[in-house]
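# Examining the three-dimensional arrangement
Each chain, written out:
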Amino acid sequence: MEDSKRKIWTVQCVLLLLIGSCISQLCASDDVKFYDSFDDAFDGRWVVSKNEDYTGVWKHSKSEGHDDYGLLVSEKAKKHAIVKKLDEAINLKDETVVLQYEVRLQNGLECGGAYLKYLRPQDAGWTPEGFDNESPYSIMFGPDKCGATNKVHFILKHKNPKSGEFVEHHLKYPPSVPSDKLTHVYTAILKSDNELKILIDGEEKKKANFLSSEDFEPPLIPSKTIPDPDDKKPEDWDERAKIPDPDAKKPDDWDEDAPMEIEDEDAVKPEGWLDDEPEEIDDPEATKPEDWDDEEDGEWEAPKVDNPKCEEAPGCGEWKKPMKRNPAFKGKWHAPLIDNPNYKGIWKPQEIPNPDYFELEKPNFEPIAAIGIEIWTMQDGILFDNILIASNEKVAETYRATAWKPKFEVEKEKQKEEESTDSDGLKGIQKVVFDYLYKIADIPVLGDHKIKVLLIEKAEKQANLTIGVLVSIIVVILSLLLKVIFGGKKQPAQTHVETKKPDVAETSNDQGASTEEKEEQNEDGAAAPRRRNARRDS
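Residues numbered from 1 in each chain as written. Predicted model: local features only at pLDDT ≥ 70, side-chain atom pairs only at ≥ 80, totals over all residues. Heavy atoms only, no water.

For the record, the criterion: UniProt positions are given in the numbering used here, feature names are shortened, and annotations may be inferred rather than shown by experiment.
As annotated in an unreviewed UniProt entry, the protein carries the name Calnexin homolog 1-like and comes from Olea europaea subsp. europaea. As stated in UniProt under Sequence similarities (unreviewed entry), the record for the protein gives "Belongs to the calreticulin family." Note on the protein: under the UniProt heading Subcellular location (unreviewed entry), the record states "Endoplasmic reticulum membrane".

## Things to note about the overall build of the protein
The following threshold applies: For the purposes of this entry, the term helix denotes a DSSP run of H or I that reaches at least four residues, the term strand denotes a run of E that reaches at least two, and both are numbered from the N terminus. Under the scheme applied here, a residue whose accessible area is under 20% of the maximum for its type counts as buried, over 50% as exposed, and between as partly exposed, the area being computed with a 1.4 Å probe on protein chains only. Working rule for contacts: check all heavy atoms of both residues, and any pair within 4.5 Å makes them a contact.
In terms of helices and strands, the protein carries 10 helices and 29 strands. Taking all 538 residues of the protein together, 37% fall into the buried category. At a minimum sequence separation of 6, the contacts of the protein that also span at least 24 residues come to 75%.

## Side note on the nonpolar core
Counted only if it meets this: Put simply, buried Ala, Val, Leu, Ile, Met, Phe, Trp, Tyr and Cys residues joined by side-chain atoms within 4.5 Å make one nonpolar core.
Counting 61 residues, the largest nonpolar core has Tyr101, Tyr118, Phe141, Phe154 and Phe384 as the members making the most contacts within it. The contact partners of Phe154, leaving out residues within four places of it in the chain, are Ile139, Met140, Phe141, His169, His170, Leu171, Ala188, Leu190, Leu196, Ile198, Phe210 and Phe216. Core analysis: the second largest hydrophobic core is formed by 11 residues, Val32, Ile189, Leu199 and Tyr399 among them.

## Observations regarding the state of the cysteines
Two cysteines whose sulfur atoms are joined by a covalent bond form what is called a disulfide. Here is the rule: Only a pair of cysteine sulfur atoms within 2.5 Å counts as a disulfide in this structure description.
Considering all chains together, one arrives at two disulfides under this definition. One disulfide bridge connects Cys111 with Cys146, the sulfur atoms lying 1.8 Å from each other. Its torsion about the S-S bond being -75 degrees, the disulfide of Cys111 and Cys146 is classed as left-handed. Remark: Cys146 occurs in strand E9 (residues 137–146) and Cys111 occurs in strand E7 (residues 111–113); sequence separation between them is 35 residues. Through a disulfide, Cys310 is tied to Cys316; the S-S separation comes to 1.9 Å. The S-S bond linking Cys310 to Cys316 shows a torsion near -120 degrees; that makes this disulfide left-handed. Across this residue pair, the class does not change: Cys310 and Cys316 are buried. Once the bonded cysteines of the protein are numbered in order along the sequence, the disulfide links fall as 1-2, 3-4.

## Examining the packing of aromatic side chains
Defined as follows: Two rings belonging to Phe, Tyr or Trp (six-membered ring only in the last case) form a pair when the distance between their centres is within 6.5 Å. Interplanar angles under 30 degrees mark stacking, angles over 60 mark edge-to-face geometry, and anything in between is tilted.
If you walk through the whole model with that rule in mind, you get 13 aromatic pairs. Here the aromatic rings of Tyr101 and Phe384 are separated by 6.1 Å at their centres, their planes lie at 25 degrees, and the arrangement is stacked. In this pair, Tyr101 sits in strand E6 (residues 97–105) while Phe384 sits in strand E27 (residues 382–390), placing the two residues 283 residues apart along the sequence. Each member of the pair, Tyr101 as well as Phe384, is classed as buried.

## Structural notes on the pattern of salt bridges
This is how the line gets drawn: Just to be clear on terms, a salt bridge is a Lys or Arg side-chain nitrogen sitting within 4 Å of an Asp or Glu carboxyl oxygen.
All told, the structure shown has 25 salt bridges when counted by the stated rule. Note that Asp67 is salt-bridged to Lys62, the shortest N-O span being 3.5 Å. Owing to a relative accessible area of 44%, Asp67 belongs among the partly exposed residues under this scheme. The salt bridge involving Asp275 is made with Lys269; its shortest N-O contact spans 3.1 Å. Through salt bridges with shared partners, a single ionic network connects Asp68, Glu102, Asp385 and Lys407.

## Looking at the confidence of the model for the protein
Operational definition: The quantity known as pLDDT measures the predictor's confidence residue by residue, on a range of 0 to 100.
For the protein, the average pLDDT comes to 83, and 75% of its residues sit at 70 or higher. Contacts for the low-pLDDT stretch residues 21–28, under 50 throughout, to residues beyond four places or in other chains number 10 contacts. A low-confidence stretch, residues 488–538 stays under pLDDT 50, and its non-local contacts, those more than four residues away or across chains, total 59 contacts.

## Considering the pairing of strand E8 (residues 116–119)
Inclusion rule: We treat two strands as partners when DSSP finds at least two bridges between them.
The alternating pattern of E8 places Leu116 and Tyr118 and Lys117 and Leu119 on opposite faces, both of which are buried. Pairing geometry for E8 and E9, over four bridges, is antiparallel. Among the inter-strand pairings, Leu119 is bridged to a residue of E9, identified as Tyr137. Bridge count for E8 against strand E26 (residues 368–377) is three bridges, and the pairing is antiparallel. Residue pairing in the sheet places Lys117 in a bridge with Gly372 of E26.

## Here's the deal with the environment of Asp94
Positionally, Asp94 belongs in the loop between strand E5 (78–90) and E6. With a relative accessible area of 61%, Asp94 lands in the exposed category. Separated by 271 residues in the primary sequence, Asp94 and Phe365 place their C-alpha atoms 9.8 Å from one another.

## A few points about helix H4 (residues 393–420)
As a reminder of what qualifies: Bend, at a single residue, is the angle you get between axes fitted to the 7 residues ending at that residue and the 7 residues starting at it. Think of a polar contact as two N or O atoms within 3.5 Å of one another; within protein, one of them needs to be a possible hydrogen donor and the other a possible acceptor, and neighboring residues in sequence only count if both atoms come from side chains.
Taking the largest bend as the criterion, H4 deviates by roughly 45 degrees, centred on Trp404, and proline Pro406 comes between one and four positions later. Capping the start of H4, Asn392 holds a side-chain oxygen 2.7 Å from the backbone nitrogen of Lys394, two or three residues further along.

## Description of a negative patch on the surface
The test is simple: Two distance rules govern patches: like charges are joined within 9 Å, and nonpolar side chains (Val, Leu, Ile, Met, Phe, Trp, Tyr) within 5 Å, applied only to residues with over 30% relative accessible area and no salt bridge. The protein chains shown are the only cover counted for residues, whose accessible areas, like all others here, come from Shrake-Rupley with a 1.4 Å probe. None of His or the chain ends enter the tally, which takes Lys and Arg as positive and Asp and Glu as negative. Charge positions come from single atoms, namely NZ of Lys, CZ of Arg, CG of Asp or CD of Glu.
Residues Glu279, Glu280, Asp306, Glu311 and Glu312 make up a contiguous surface patch of negative charge. Considering the arrangement of structural elements, one finds Glu312 in helix H3 (residues 309–312). The exposure class of Glu312 is exposed, given its relative accessible area of 78%.

## Considerations on the environment of Thr96
Looking at where Thr96 falls in the secondary structure, it is placed in the loop between E5 and E6. The spacing of Thr96 and Leu196 is 100 residues in sequence and 9.9 Å in space, taken between C-alpha atoms. Here Thr96 is in contact with Ile189, Leu190, Lys191, Ser192, Ala390, Ser391 and Glu393, once residues within four sequence places are set aside.

## Things to note about the side chain of Asp132
Following the sequence through the fold, Asp132 ends up in the loop between E8 and E9. Here the side chain of Asp132 touches Glu134 through a polar contact of 2.9 Å, landing on its backbone nitrogen. Not counting residues within four places of it along the chain, the set of residues in contact with Asp132 comprises Asn51, Tyr54 and Glu374.

## Re the side chain of Asp238
Structurally, Asp238 can be placed in the loop between strand E16 (225–227) and strand E17 (242–244). By relative accessible area, which is 13% here, Asp238 ends up buried. Apart from the residues lying within four places of it in its own chain, the contact partners of Asp238 are Asn340, Asn342, Tyr343, Lys344 and Gly345.

Structure below.
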């Protein structure tokens, strides 16, 4: 173990020297519009918001297990806001722009954000000291996680060329946030041909087009037509696909009043049935409590227990013939359904030209004049690092290789060591299963069901539920295989029989028991002492 740690430390030191050399050369490149490694304290470069709502403290801190520094969210359950004004505003319209940064959720992320806001110039109506959630931004990008929400946001705030209003356009089906505590690097590549790519750890997770209605909600370009708000459905419009057959008649032998069940006349009382024995008797071992007050508590009665004589006999008490299905039962008659000759389909208003429609060749990006972090989170330990804006994808790739990758590999190796020493044999299987489930959740086809898929997070944190998840997956796979092999069940033909529900009293003798009666049972299953009169209020 010591040798392994020494090797990791040595490799880390060498890589950090290499990183420093490479980054110093990269920073001189014209392709780098902005870069902050947080090697030096952020005071004087970043401005902490003085808004009274933002009391969270920012710290210049080392990443756990590294000598590398970052910008740390140091307090939980508080709002944090900090901003860095750029030397020059960055134009997003005419060239490739790469937005990239690292974030490490050192204490996990149950509920909160870890995203960046790329702010418009201050003449849009904001100041660094007053930076808050209303400060106008052009792009918001990064992880957000709370409850059913688990996504890497990409939001474009775009100016409507007709109304002049700024509208938030959200990327549809964004990728999920990695569920571990390792350092991850998030990259958004905005290309001049309107393409957007989202990368996590250098791996493409989402590709979209800014002008496609399939990729953003609401779409940047409105629909050419809209339903006519003044169009009304004609009174004679028939939307019924099926109607009762007007020529059908109820058969003469159809008895609607016949009960569903009747007594079984062929039934015979079992031999040895104890008619005179009750099913329950007073508990012979029960005694009246010493503190029982007849005036206060009412007359004491011993709790009931099962009659031991009934255990060996077929039954006790009054014998009654059991019920059986009535062969004459048919239920209420209804005429069978036939195709409606007057069916016109589901009515929809006619489409008219959309008065708010406009065309775009490119998004009307607002320039980026500052980078802000404005978040509310229930966890501390969120560490931001290596914030980069570049005009070249290769530059961002180099930063990932030199600044992020070495740290990630060290953290991953340490994670493997911890997992190998974990005494819980289910841990390794658990991680593999949930890693694959998170990948499944990011499949675009499952976009509409992503929230349901991500409910597995709760199970991931409880090892005993992993087996349940595994069994569920196996059942689903087997069900799909059987359906493929044997085909789905045919839909039953529509019937004109209305089945009557059986009387509740016939289906269950104890379902009607009140909550109070059920609460009278003690933990051993025996009935508690019953009180004839309620205790009077003192």
